[in-house]
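# Structural description and commentary
This is what each chain is made of:
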Amino acid sequence: MNRAKETGVETLPLNTILAGDCIEQMNSLPEASVDLVFADPPYNLQLRGDLHRPDNSKVDAVDDHWDQFSSFKAYDDFTREWLNAARRILKPNGAIWVIGSYHNVFRMGAELQNQGFWILNDVVWRKSNPMPNFRGKRLTNAHETLIWASKEEASKYTFNYEALKALNEGVQMRSDWVLPICTGHERLKDDAGDKAHPTQKPESLLHRVLLGTTNPGDVVLDPFFGTGTTGAVAKMLGRDFIGIEREEEYRKVAKRRIDAIRKFDREALQVSQSKRAEPRVAFGTLVERGLLRPGEELFSFNGRHKAKVRADGTLVGSDVKGSIHQVGAHYESAPSCNGWTYWTFKRDGQLVPIDLLRQQIRAEMKGN
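A few points on the structure. In this text the structure is predicted, and so the values were computed from the model without any measurement. (Residues numbered from 1 in each chain as written. Predicted model: local features only at pLDDT ≥ 70, side-chain atom pairs only at ≥ 80, totals over all residues. Heavy atoms only, no water.)

Core analysis: the biggest nonpolar cluster contains 31 residues, and W97, L146, W177, L205, V209 and L210 have the highest contact counts within it. Residues within four places of V209 in sequence aside, it is in contact with L36, F38, W97, L146, W177 and T214. If you look at the next biggest cluster of nonpolar residues, it comprises 30 residues, including I23, A86, V105 and I147. (Core = buried A, V, L, I, M, F, W, Y, C linked by side-chain atoms within 4.5 Å. Buried < 20%, exposed > 50% of the residue type's maximum accessible area, 1.4 Å probe, protein only. Contact = heavy atoms within 4.5 Å.)

Right under this line is the structure:
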């Protein structure tokens, strides 16, 4: 599944899981070569002893050696180093997502700002099926926090607003995401039948992140790759990935998982876009192309007003002349008007929105 990408004279190892320390591996990659970093670093949970359920069974909590740090200073030093390495490899218009719990996310947020990243949003991932607080001494910890930041304040980062809105049934996507934790068939198991990774993230979370803030063909790097959720979703969505993972067992599970993933076809990867991203078409183009003729009458969508098309692409009414937008605004006594949705023309006795003619021309432009 390996594919190399040339960046100047250096080669970027795409769709590969790199073994070893994430800081060393990131520092070995070409500068300004990655579009997005998604990082799920150790949380430094500071667990003290085993955790048991009310029936005295032991909870499979995060007590692995990779989550152990001797002090907050040691964790802060580690955070500073890997964020610095991540910043170096991000393109000027690149962005980063980090995810954490109350143990570490505030420390990461401060360091992001210290290094010059520009925070765009913090997102609360509210777990619809959180693990209970078995000791009964605190609130059930039912969420984690993600921070989305661009490399610089002026970075032209990717944000597929319309795609996320479509994903959310036509409603603007909010910064509180209700998604389940990994359970059932999605939870990966090792050869002994145990959880392959204690903090495996759900694919739904990465789907939302990558759909909203990357485009097909972008390079996504995950410095704490684990069992490869980022790589699996990136492959499905037609993005390239680079994973870094020092634990051999996790790399094996991730490779098997990603090898079994089928990439979506090209048509399925297309997402909703803002109308501002569409090719610009002037109303006069419709007249030049003969789709509307000078002297032809246009009618307001509410049927109350009409105006004639002029040869230069303006309209003239009984007491006004100007663009499709200006004449519409005049008739409605409004400060502005979208003439494309305001005006219609008659064909075979039916009123047809002029915007259909604009879409026809746009389709031809895209086909060229």
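There's more to say after this.
What follows covers helix α6 (residues 229-236). Think of an α-helix as turning once every 3.6 residues; residues three or four places apart then point the same way. Burial analysis of α6 places seven of its eight residues in the buried class, the great majority of the element. The set of residues buried in α6 consists of T229, T230, G231, A232, V233, A234 and M236. Looking at the buried positions of α6, the neighbouring elements they touch are β4 (34-39), α5 (203-213), β9 (219-222), β10 (240-245) and α7 (248-259). One or two positions beyond α6, positive phi appears at G238, with a value near 75°. (Helix = DSSP H or I, 4+ residues; strand = E, 2+ residues; numbered from the N terminus.)

Next up on the list: the sheet that holds strand β5 (residues 90-100). Read from one edge to the other, the open sheet built from eight strands follows the order β3-β10-β9-β4-β5-β7-β6-β8, with strand pairing classed as mixed. Strand pairing shows two members of the sheet lacking a second neighbour, β3 (16-19) and β8 (176-179), which therefore form its edges. Averaged over all adjacent pairs, the angle separating strand axes in this sheet is 20°, with direction ignored. Along the sheet face, α7 touches β3 and β10 and points at about 175° away from the line of β3. (Pairing = 2+ DSSP bridges. Axes fitted to C-alpha atoms, helices over the stretch in contact; angles between N-to-C directions.)

This brings us to the sheet that holds strand β14 (residues 321-322). Spatial ordering of the open sheet is given by β14-β13-β12-β11-β15-β16, a layout of six strands whose pairing is antiparallel. Of all the strands in the sheet, the pair left with one neighbour each is β14 and β16 (350-353). As paired strands, strand β12 (residues 306-309) and strand β13 (residues 315-316) are joined by two bridges and run antiparallel to one another. Bridging across to β13, V309 finds its partner in L315.

This part covers the packing of helix α2 (residues 72-89) against helix α3 (residues 105-114). For the pair α2 and α3, the least separation of the axes is 10 Å and the interaxial angle reads 45°. One element, α2, and the other, α3, form an angle in the oblique class. Of the two possible hands of crossing, α2 and α3 adopt the one that is right-handed. Where α2 abuts α3, its residues F72, Y75, D76, T79, R80, W82 and L83 lie against R107, M108, E111 and L112. (Parallel < 35°, antiparallel > 145°, perpendicular 65-115°, else oblique. Left-handed = near helix turned anticlockwise from the far one by under 90°.)

Looking at the element boundaries, L90 is found in strand β5. According to the relative accessible area criterion, L90 is buried, its value standing at 0%. For the pair L90 and E31, spaced 59 residues apart in the sequence, the C-alpha separation amounts to 7.1 Å.

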